[in-house]
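Breakdown of the fold
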Amino acid sequence: FPFFAAAVLGVVAAGRTGEATALGAQLYLAARVVYVPLYLAGVPYLRSLVWASAMAGLAMVLWPLLH
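In this text, all values refer to a predicted model and were calculated from it rather than measured experimentally.

**Some remarks on the overall build of the protein**
The number of helices and strands found in the protein is 3 helices and 0 strands. Across its three principal directions, the C-alpha atoms of the protein cover 40 × 20 × 15 Å. Looking at the protein as a whole, 24% of its 67 residues are labelled buried. Sequence-distant contacts, at least 24 apart, represent 70% of the contacts inside the protein between residues at least 6 apart. Approximately 4,500 Å² of the protein is accessible, and the part contributed by carbon and sulfur atoms is 73%.

Listed below in structure tokens is the structure:
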């Protein structure tokens, strides 16, 4: 979460927000909410897919800073 918060704050401070960054933030948060019960239940493969979705959301947030 700290890396995500830093990414969001960096995008906002740079003034590079947009629909893609908002969608990325929503994807990240939703995937992390789904990830926790999957982790607690010990579901291995679906949990990895949800984690990858969260990382894709984080990449969507960071992309405007790198582009």
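**Some words on the packing of aromatic side chains**
Taken as a whole and judged by the stated rule, the model has 3 aromatic pairs. Here Phe-1 and Phe-4 contribute two aromatic rings whose centre-to-centre distance is 6.1 Å and whose plane-to-plane angle is 50°, an arrangement assigned as tilted. Residue Phe-1 is classed as exposed on the basis of its relative accessible area, which comes to 63%. On the basis of an interplanar angle of 25° and a centroid distance of 6.1 Å, the ring pair of Tyr-35 and Tyr-39 is categorised as stacked. Placement of both Tyr-35 and Tyr-39 in helix H2 (residues 19-41) is noted, with a separation of 4 residues, approximately one turn of the helix. Feature note: the residues Phe-1, Phe-4 and Tyr-28 constitute an aromatic cluster, connected by ring pairs. For Arg-32, the ring lying beneath its charged end belongs to Tyr-35, and the centroid distance is 4.9 Å.

**Regarding the confidence of the model for the protein**
On average, residues of the protein score 94 in pLDDT, and 100% of them reach the 70 mark or higher. Across the protein, element-level confidence peaks in H2 with a mean pLDDT of 96 and bottoms out in helix H1 (residues 2-14) with 93.

Analysis parameters
Residues numbered from 1 in each chain as written. Predicted model: local features only at pLDDT ≥ 70, side-chain atom pairs only at ≥ 80, totals over all residues. Heavy atoms only, no water. Helix = DSSP H or I, 4+ residues; strand = E, 2+ residues; numbered from the N terminus. Buried < 20%, exposed > 50% of the residue type's maximum accessible area, 1.4 Å probe, protein only. Contact = heavy atoms within 4.5 Å. Areas by Shrake-Rupley, 256 points an atom, 1.4 Å probe, with all protein chains shown as cover. Phe/Tyr/Trp six-rings, centres within 6.5 Å; stacked < 30°, edge-to-face > 60°. Lys NZ or Arg CZ within 6 Å of the ring centre and 35° of its normal. pLDDT = per-residue confidence, 0-100.

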